[in-house]
Structure formats: structure tokens, C-alpha cells
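Chain by chain, the residues run as shown.
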Amino acid sequence: MSAETIADFLAEQREEAPEELQGLIIQFEDFWERKLWHQLTDLLIEFFAEPKSESQRLPFFKVFILRFADKINQLKLVDLGLQAATQCKNDKERLAFLTDLTKKVDHENSQDAFVYATVALARVEMLVRDAAGSRRDLDRAEKILDSFDSVETKVHAAFYQTNADYYKANADFASYYRNALLYLACIDLASLSPLERKARAYDLGIAALVSDSIYNFGELLLHPILDALTGDLEWLRNLLLAFNRGDLGAYDTLSGHVSAHRLLQEHEDEIREKIYLAALTESVFRRPPHERAMTFATIAADTKVRPSHIEHLVMRALSLGLVRGTIDQVDQVVNFTWVQPRILDMGQIASMSQRLGEWGENVNKLGNWIEATGQDIWAP
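Residues numbered from 1 in each chain as written. Predicted model: local features only at pLDDT ≥ 70, side-chain atom pairs only at ≥ 80, totals over all residues. Heavy atoms only, no water.

S.K.: Provide a residue-level description of the sheet that holds strand β3 (residues 333–339), including the pertinent values.
M.R.: The strand order β1-β3-β2 describes an open sheet built from three strands, whose pairing is antiparallel. The sheet is open, and its two borders are formed by β1 (293–295) and β2 (323–328), each paired with just one other strand. Neighbour-to-neighbour, the strand axes of this sheet turn through a mean angle of 30°, independent of strand direction. With six bridges connecting them, β2 and β3 associate as antiparallel partners. Across the sheet, the residue bridging to Val323 is Val339, located in β3. Here helix α16 (residues 268–286) sits on the sheet in contact with β1, β2 and β3, set at roughly 80° to β3. Packing of helix α17 (residues 296–303) onto the sheet brings it into contact with β1, β2 and β3, and relative to β1 it is tilted by some 80°. (Pairing = 2+ DSSP bridges. Helix = DSSP H or I, 4+ residues; strand = E, 2+ residues; numbered from the N terminus. Axes fitted to C-alpha atoms, helices over the stretch in contact; angles between N-to-C directions. Contact = heavy atoms within 4.5 Å.)

So this is what it looks like as C-alpha cells:
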């Protein structure tokens, strides 16, 4: 396409554009003629960000931007392409558009842009129910990401967001949980609307409860996203906190929500096992290290588990790495030597403070005893 044709195209687009955007298009032509690619790119990003430019984004990208696509920052090229893709007629057309865009930036020195485009392509593949294609592209993107020393945060954010959505669609709750938290670590939480924050917090909470491999919710409990669980979803926040402190009473109070929620109800047995395990680890944690030889009867009283099931509960906790220790089956005693670190609430912090105070008193008593007993040895 000749320079005259580009000038004609820009003139046509200027006439079609709202009055407030016409000035930007005039500057496009100026920067184009002067080959000021960086300035032109930034101005195009500004233009595409205007809601009133929606109908012109696709023709601008196909006719104008592709003329100098190899001369500009490839990550910004993908940004412009993704905004243009929103104006495709349907997902099939969008898939073809993004496939071409991905091929265009697949060069050795623009692999960050390639990953960014590949992730966007994987998201559309999910929409057209091509799960195998989506997984293939996400795995390819992840392999390239792992080879980078550094990359713009938005590339990581896009990958983790799409990967989380893939796992959510496939009911892989543990993988969803990890990727969703990584996505939140890459963005400013304020960039999400209140509804988006609430939805993300809800999905994370449900995933944590029903996952078969997540028994410590500390990372989620520390995240400000949990503040979005208010009003009709406050029960979920309270339920997560009950699990963190192994509070069987609070769980029983909130168990009606578990029974009323389809997904939670389907995993109710596994969730109940989780609260029993949480009660066990909390019981071990509350005791000082020299008092962690616990009888089966003591464990049954603390966890509300039938005595005949205590050995299975302890073995389950040992296998999951929640505690360490040995089981004396003859005397029905468990000697715990370690309990998994966890997030503490104010009550648990107060308990630890009390134990530290007791430890300090015992150290002082030991020091006084040594001083009194050994006077004859070190007296001058």
C-alpha cells in the first residue's frame, strides 16, 4: 500500500471519527510521514483506549498499523491487536485474527510478545471449546516464561489469569487456587471492580475448601482480596477462618451453608475431614513442645472424632505433612514432634505469647537454681 493510499485511509477515518478524536488522527499522519514510530505507537494506544474508537480499531490495525508493525515495540503491537480483536464479529473470526497476530510476533527477540499473544489465543480457544488447543498453547507459553530472567508483569498476569480460568473450567481446584493467587500478585487489586473482587474471592474460597491438596489457607487469609467477602458471602470468610483455627463449633454453626451449596455439598465428606485435621493441628499447636505426647482419648476429645478413627486421622495428617511424629499403637499415644506453621489469629497469638512468658519464667527458674546449686564451685 502506497503512502498516498495511507493518507487517503487516514482522511477517510478522520471524517468518520467523532470530533474529539479527529485531532489524534491528524497527528497519526504527521508521525507516519516523519517515521516517529515510538510517538505514533503511544498515540495509537491513546486512541484505542477511547471507547468511541471501537468501530475503527480493527480497520486501523489491519490497514494502518500492520504497515509498520515490525518497527514498533512488539508487546505494544500485541496490546493494540488485542484491543482490535474485541471488534471481531465472533469468536471464530477472533481466533483467526489472533492466530495471525501470534505468528507475526514469533521471533527470537520478541518472545515476550509471542507469549502475550499466545495466552490471548488460548483464552479464545477456551471460548470455542478447544480445550486441547488451549492447554497446548498455555503449556508452550509457560515453558517460554520459565526461561525468562524478567518480563513485564502484565505478561505474567495474563498467563496466570488465563491458566486459572482454564483450571476452573476443568474443575482442577488446587491448580486454579495457585494460579489465581499468582494472578492477584501481578496486578493492582484496585484495577478490579468490586464485583470482580467479590467473584474472585468467592472462587478462591470455594476452591480452597473443595481442593484435595490444600489444607493451609494462610496465603488466602492474608490477602486483601478476602475483604471482598462481605454481606451475603461473609459466611465463606468466616468458614475459612474457622478452618484456620480448627474451630469445630464455628464449623457446625456454618455447616448449613455447606449443605446448601451444590459444590460444597458434593465434597462435604472431604470438607469435614479437613476440619477434623485442622482441629488436630490446632490441638497440637496449642501445646508446648514438651507436652505433645497425646493419647488417642485426648485427640478424640479435641477433634470430636470417634476413638476408633483416631489412628486413621493421625496417619492422614502425617501423610499430608501437616504434623510429624510417631504412633504408639500399644499405649495409644501419639508423640508429635512438629506441626505445620500457620497463620495466627489474635487468640492464637495470645496463646503463643503466654507460652513464651512461661518459657521465660522457666529459664529464669533454671538460672536461679544453677546459681544456687553451683555457688561452692564458682565462689571466689
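Text resumes after the structure shown.
S.K.: Which residues make up the environment of Lys304, and what values go with them?
M.R.: By the secondary structure assignment, Lys304 is in the loop between α17 and α18 (310–319). Overall, the relative accessible area of 58% leaves Lys304 in the exposed class. Sequence separation of Lys304 and Leu248 is 56 residues, and the distance between their C-alpha atoms is 8.2 Å. Reaching out from Lys304, the side chain makes a polar contact with the backbone oxygen of Ala301 at a distance of 3.2 Å. (Buried < 20%, exposed > 50% of the residue type's maximum accessible area, 1.4 Å probe, protein only. Polar contact = N/O pair within 3.5 Å; in protein donor to acceptor, adjacent residues only side chain to side chain.)

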